[in-house]
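Residue-level structural notes
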2 protein chains.
Amino acid sequence: MLLLTLDDKSSKPMYQQLIEQIRLKIESRVLFPGEKLPSTRRLADQLGIHRSTVATAYQELWALGFLDLSPGALPRVRDRTRIATAQGRLETGIVDWQQIVSPAAAAMWRTYRQNYLEGGQPDGQPVISFRTLSIDRRLFPIDSFRMCLDRAMKEQGAVLLGYGARFGYPPLREYIARRLQSHGISITPQEILITNGSQQGIDLVFRMIAAPGKVVAIEAPTYDYVPPLLRFYGLTPLEIPVRPDGMDLSVLEAALQRERPSLVYTMPTFQNPTGISTGQAHRERLLSLCETYGVPILEDGFEEEMKYCGRVVLPIKSMDRHRLVIYCGTFSKVLFPGVRIGWLAAEQECLERLAAIQGFSELSPSMVLQAAIHYFCQRGFYDHHVGRMHRVYRKRMEAAIRALRQQLSPEWAEWTAPSGGFIIWLKVKAPASAPGDWKGFFRERGIEVAIGNSFFFSGSADTYLRLSISALNEAEIEEGIRRLGAALRQLYT
Amino acid sequence: MLLLTLDDKSSKPMYQQLIEQIRLKIESRVLFPGEKLPSTRRLADQLGIHRSTVATAYQELWALGFLDLSPGALPRVRDRTRIATAQGRLETGIVDWQQIVSPAAAAMWRTYRQNYLEGGQPDGQPVISFRTLSIDRRLFPIDSFRMCLDRAMKEQGAVLLGYGARFGYPPLREYIARRLQSHGISITPQEILITNGSQQGIDLVFRMIAAPGKVVAIEAPTYDYVPPLLRFYGLTPLEIPVRPDGMDLSVLEAALQRERPSLVYTMPTFQNPTGISTGQAHRERLLSLCETYGVPILEDGFEEEMKYCGRVVLPIKSMDRHRLVIYCGTFSKVLFPGVRIGWLAAEQECLERLAAIQGFSELSPSMVLQAAIHYFCQRGFYDHHVGRMHRVYRKRMEAAIRALRQQLSPEWAEWTAPSGGFIIWLKVKAPASAPGDWKGFFRERGIEVAIGNSFFFSGSADTYLRLSISALNEAEIEEGIRRLGAALRQLYT
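Residues numbered from 1 in each chain as written. Chains lettered and ligands numbered in written order. Predicted model: local features only at pLDDT ≥ 70, side-chain atom pairs only at ≥ 80, totals over all residues.

1. Looking at the overall build of chain A
Put simply, the rule reads: Strands are runs of DSSP state E lasting at least two residues, helices are runs of H or I lasting at least four, and both sets are numbered from the N terminus onward. Radius of gyration: C-alpha atoms only; globule rule: 2.2 Å multiplied by the number of residues to the exponent 0.38. Exposure classes come from backbone-placed C-beta atoms, where a residue is buried if 20 or more other C-beta atoms lie within 10 Å of its own, exposed if 12 or fewer do, and partly exposed in between. In this description, any two residues whose backbone-derived C-beta atoms lie within 7 Å of each other are considered to be in contact.
On a plain count of helices and strands, chain A comes out with 16 helices and 16 strands. For chain A, whose C-alpha radius of gyration is 32 Å, the value lies well above the compact-globule estimate of 23 Å for 493 residues. Over its C-alpha atoms, taken along the principal directions, chain A stretches across nearly 100 × 55 × 50 Å. Per-residue burial over chain A gives 51% buried out of 493 residues. Intrachain contacts of chain A at a sequence separation of at least 6 include 73% that bridge at least 24 residues.

2. Considerations on the environment of Ser419(B)
All names here are of chain B. Within the secondary structure, Ser419 sits in the loop between β12 (413-415) and β13 (423-428). Once the C-alpha coordinates of Ser419 and Glu398 are considered, the two residues, 21 residues apart in sequence, prove to be 9.7 Å apart. With residues up to four places along the chain from it excluded, the contact list for Ser419 reads Ser277, Lys307, Cys309 and Gly310.

3. Structural notes on the relation of the copies chain A and chain B
Note the cut-off: To superpose the copies, least squares is applied to the C-alpha atoms of every residue with a pLDDT of at least 70 in both.
Overlay of chain A on chain B (RMSD 0.1 Å): rotation 180°, translation along the axis 0.0 Å. Viewed as a symmetry operation, the transformation between the two copies matches a two-fold axis. Of the C-alpha atoms belonging to chain A, the one lying closest to the rotation axis is found on Asp150(A), 3.2 Å away. Most of the interface of chain A is mirrored in chain B: 100% of its interface residues are interface residues there too.

4. Regarding the confidence of the model for chain A
What counts here: pLDDT: the predictor's confidence for each residue, scored from 0 to 100.
Taken as a whole, chain A shows an average pLDDT of 90; of its residues, 96% reach a score of 70 or greater. Overall fold confidence (pTM) sits at 0.88, and the ipTM for the predicted complex is 0.87.

5. Describing the pairing of strand β8 (residues 263-266) of chain A
All names here are of chain A. In plain terms, the rule: Two strands pair if DSSP finds at least two bridges between them. By convention a crossover is right-handed if, when the strands point away from the viewer, the path from the first strand over the helix to the second runs clockwise.
Burial along β8 is two-sided: the face carrying Leu263 and Tyr265 and the face carrying Val264 and Thr266 are both buried. Pairing geometry for β8 and strand β9 (residues 297-300), over 3 bridges, is parallel. Residue Val264 lies in a different strand from β9, and its bridge partner there is Ile297. Of the crossover connections in this fold, the one passing from β8 over helix α11 (residues 280-293) to the parallel β9 is right-handed.

6. Quick notes on the interface of chain A and chain B
Test applied: The classification used treats Ala, Val, Leu, Ile, Met, Phe, Trp, Tyr, Cys and Pro as nonpolar, Asp, Glu, Lys and Arg as charged, and all other residues, Gly among them, as polar.
Each partner contributes residues to the interface: chain A has 102 residues there, and chain B has 102 residues. Broken down by element, the side of chain A that touches chain B gets its largest block of residues, 10 residues, from helix α12 (residues 348-362) of chain A. Split into classes, the residues belonging to the side of chain A that touches chain B amount to 52 nonpolar, 27 polar and 23 charged.

7. Here we look at the pairing of strand β5 (residues 215-220) of chain A
Residue and element names in this part refer to chain A. Within β5, 5 of the 6 residues are buried, leaving the element largely enclosed by the surrounding structure. Bridging between β5 and strand β6 (residues 236-243) involves 6 bridges; their strand directions are parallel. Pairing of Ile218 across the sheet is with Glu239, part of β6.

8. Details of unusual backbone geometry
Cis rather than trans, the peptide bond between Asn272(A) and Pro273(A) has omega equal to 15°. Note that Pro273(A) resides in the loop between β8 and α11. Residue Pro221(B) is reached from Ala220(B) by a cis peptide bond, and omega for that bond is 5°. With respect to the helices and strands, the residue Pro221(B) is situated in the loop between β5 (215-220) and α9 (226-232). Positive phi is not limited to glycine here, since Phe270(A) has a value of about 50°. With respect to the secondary-structure elements, Phe270(A) resides in the loop between β8 and α11. Given 23 C-beta atoms within 10 Å, Phe270(A) falls into the buried group. Of note in this structure, Arg340(B) is not a glycine but carries a positive phi near 55°. With 31 C-beta atoms packed within 10 Å, Arg340(B) lands in the buried category.

9. So, the nonpolar core
Heads up, the condition is: The term nonpolar core refers to a set of buried Ala, Val, Leu, Ile, Met, Phe, Trp, Tyr and Cys residues connected through C-beta atoms within 7 Å.
Membership of the largest hydrophobic core comes to 272 residues, with the highest contact counts inside it found for Val368(A), Ala372(A), Val368(B) and Ala372(B). Once residues lying within four places of it in the same chain are set aside, the contact partners of Ala372(A) are Phe145(A), Cys148(A), Leu149(A) and Ala152(A).

10. Quick look at α11(A)
Residues three or four positions apart in an α-helix share a direction because the helix packs 3.6 residues into each turn. What counts is decided by this rule: What a helix is expected to span follows from its residue count: subtract one and scale by 1.5 Å.
With 14 residues, α11(A) should cover 20 Å at 1.5 Å per step; its first-to-last C-alpha distance of 20 Å lies within 8% of that length. Those residues of α11(A) that fall on the buried side of the exposure criterion are Gln280(A), Ala281(A), His282(A), Arg283(A), Leu286(A), Leu287(A) and Cys290(A). At its buried positions, α11(A) is contacted by β7 (246-247), α10 (249-259), β8 and β9 of chain A together with α3 (51-63) and β1 (67-68) of chain B. Phi for Gly294(A), located one or two positions after α11(A), is positive at around 65°.

11. Section: the packing of helix α10 (residues 249-259) of chain B against helix α11 (residues 280-293) of chain B
Residue and element names in this part refer to chain B. Threshold: Axes here mean lines fitted to C-alpha atoms, for a helix over just the part in contact, with angles spanning 0 to 180 degrees between N-to-C directions. Roughly parallel refers to an angle under 35 degrees, roughly antiparallel to one over 145, roughly perpendicular to one between 65 and 115, and oblique to any angle outside these ranges.
Where α10 meets α11, the closest approach of the two axes is 11 Å, and the angle between their N-to-C directions is 5°. Taken together, the axes of α10 and α11 are roughly parallel relative to one another. Contact residues: Leu249, Leu252, Glu253 and Leu256 in α10; His282, Arg285, Leu286, Leu289 and Tyr293 in α11. Each residue belonging to the contact of α10 with α11 can be placed in one class, and the counts come to 6 nonpolar, 1 polar and 2 charged.

12. Brief notes about the sheet that holds strand β15 (residues 450-451) of chain B
All names here are of chain B. In spatial order, the strands read β12-β13-β16-β15; together these 4 strands make up an open sheet with antiparallel pairing. Single-partner strands in this sheet number two, and they are β12 and β15. Bridging between β13 and strand β16 (residues 463-468) involves 6 bridges; their strand directions are antiparallel. Following the sheet pairing, Trp425 is matched in β16 by Arg466.

13. Here we look at the sheet that holds strand β4 (residues 192-196) of chain B
The strands that make up a sheet are held in pairs by hydrogen bonds between backbone atoms, and each pair lies either parallel or antiparallel. Residue and element names in this part refer to chain B. The sheet built from 8 strands is open, its strands ordered β4-β11-β10-β9-β8-β5-β6-β7 with mixed pairing. Both outer strands of the open sheet, β4 and β7 (246-247), are each paired with one neighbouring strand and no more. As paired strands, strand β9 (residues 297-300) and strand β10 (residues 325-330) are joined by 4 bridges and run parallel to one another. Bridge pairing in β10 places Leu298 opposite Ile326. Sitting on the sheet, helix α7 (residues 170-182) touches β4 and β11 (341-345), and the angle it makes with β4 is about 110°.

14. Brief notes about the environment of Pro237(B)
Residue and element names in this part refer to chain B. Following the sequence through the fold, Pro237 ends up in strand β6 (residues 236-243). Residues Pro237 and Phe457 lie 220 residues apart in sequence; the distance between their C-alpha atoms is 7.7 Å. When neighbours within four sequence positions are excluded, Pro237 is seen to be in contact with Val216, Ile218, Pro227, Leu230 and Phe457.

Here you go:
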């Protein structure tokens, strides 16, 4: 017989007292798995309570996994699986993730681990990093942005904390359209989709076109995140060599004829990793070739705003009368990357499809930061900041080029001298002895640089280094290039 | 002869004066396309300036697309393509996006347009929406969150505005791990990946496993964003019917044997759209089946925190000694969706691969909002808010169930009465006359509901309605259900 005592003076309902007592008996093994409990009628009679109270308690115990209930049979104690405590966890899992993960995802992970996971911390002198493309945190306009963020929350908190608008925060779309107009691009706010940084923009475009057998023409070298992403989506990258004046257009033309790519991905301004900007004539011819073959262009204007010397050559999108250019931009490379705000500008038919993929993948981006950035721009803080960045980086780039001339012999290397942005592309001339591990070689000598090979889809016979000055001030740049010079000197003597 | 006049008293450098004057002559068609310019030497002699000044100007004009330069030949004026002004844009684009967009993306867009784009604005009385799953904006803790956001920016602005940490803001990962421990889940912060809402978590898992021929077992009905996403990634959905106690496990077992799915996607708590929560025994058996076949489970705990009556049944993940459960959670369904913060909890080997895909797709999520949410949780605002939400929605759900009993005849429909969350699943019994367009039928009668068919991958013969009370207060719920009752009455009389 099941011994239970109910307290009708207790504030706890009867059925809860029942649940607790039976549960305690099961957990302490007074009641064993398999053991039968009395019927609801019998237990109710025994305790002098209503049948439905017992029934409710049994139902609850069933939901919690303590009892089996089946019509016409007595309730029976179950063998309840315990919670997996830290002690209870097995050393290794049961799932063979290599089998579950797709080959494409496995390959992506290998690339990621190989190229983007840092090795151990360097010891000794602090390393000067020419590797990161993040801009100098010391230049972030933190206080003014903080004020804008607070203002946006104060004025529109309830709206901003809800799900966002499709395509992004409308006033920011309007601002971006106006800004692009100042770059010669004729566009309406309806043709702007706000993305989580320009990386998401690129990802969405690739996902939109991905289908077996499709080909995408890319520059060689190119932004190192692009080839793994293309492969991941089953798209075949078609490498078009970059010459000193930009992508080799006769190679591209032959490829357009022969391979019929679905897209041409290009960075006409301060190309990553070479820093090369193409001239107006190159842009016209590229556009005209793509018009001829009806192939869209993904124009990555990631450093459009960072033209700090020389004249401005307008984006390809500015001449896009036939609307085949998908333009992608970002606030990350001139303001700060932490808000993750970029955009795509494209024909609406194309944009609708991109927005649908974005919608299914994350519902909507956050409006909070978009509204804050809009306020920041609208109040003129953005223009002011861009001006400041130009002044600062013009001097830094000059310092870098000057230091390269002073510290490196032309016998060792040659390099580009871009008119904006952060990147210098340096070709190392065949040294007497080349280190097996360039990355480690430089790290040991107190600097970090990006090694050129990761920017070529199918590798390169030559040794290139990408030097980014984005996170360094003049003193750091000068000291870093001194170390670079000293390191290279070792290879040529 | 080229007539130019330079002003050596001007503050403008000589080469810039040269550029401007030549450019003006080209734009005003004083110089025609094809026309030759003097050599650098000759123009320099003529103007009495240094040759390199002329060379610099010619280079710049070349970059801007005004001149052609080739070694040994005279500079020649180019026919420069004009900027595409609003007037210059053609009516229709040149690209056939149907050809460029993949069949999968085209299908996704069709689904999106069909199911998620609103029709025109309703006129007449304001519509009461049982359709949205967004929580009531009137309950957002705006002021306390705003304070936390400002505090986070003040204390760590420079770090937060940089690129984020891989896997997300570390203190928030710690908080989430502790919170999951309170749900019985034994997990370390290293096993948490922060995502842009739980939607991105689901998307990443599907992308990770996507490969031709792979199958994913889902509930029927299920969350309506899932089947289109599976199809988009080329994964075959395998529908397992939901019974009153949850997914039919004997059907699942047969499917595990026969079809070898790569994943089982389930929402054990307040399943969307049925509102059903499974009992402990069901969870154990589901886990044990998947252990037997070595198939991972994606457990969607989107409303885990919204259990506001009855006892708590712990997540499947709490029993996951073999680490085959990928758990996904979110702040969106109890706090607010606008910060777009969710998470995945999984074995580290699996998580690393998910993080790599996330990294290539958007570099990193924003740390700003993650830090603010962490501060919000750490200060106890989150616990306080969850308690408030329980009190409010317990009463709202009671009001809804009461109103349904009062306004609807059991002859017309039957419905679930969930012990938490926002969703009631209502089955309409065969009416005398069924409207062709259920959505329009209800809209005309002043309410919006989600129609059941969109939650079944392969449709359903029965008519179901999903009523969400998430955005409505008691008065609105009562009035809405009165309208629902009046609408249904028309169909049965």
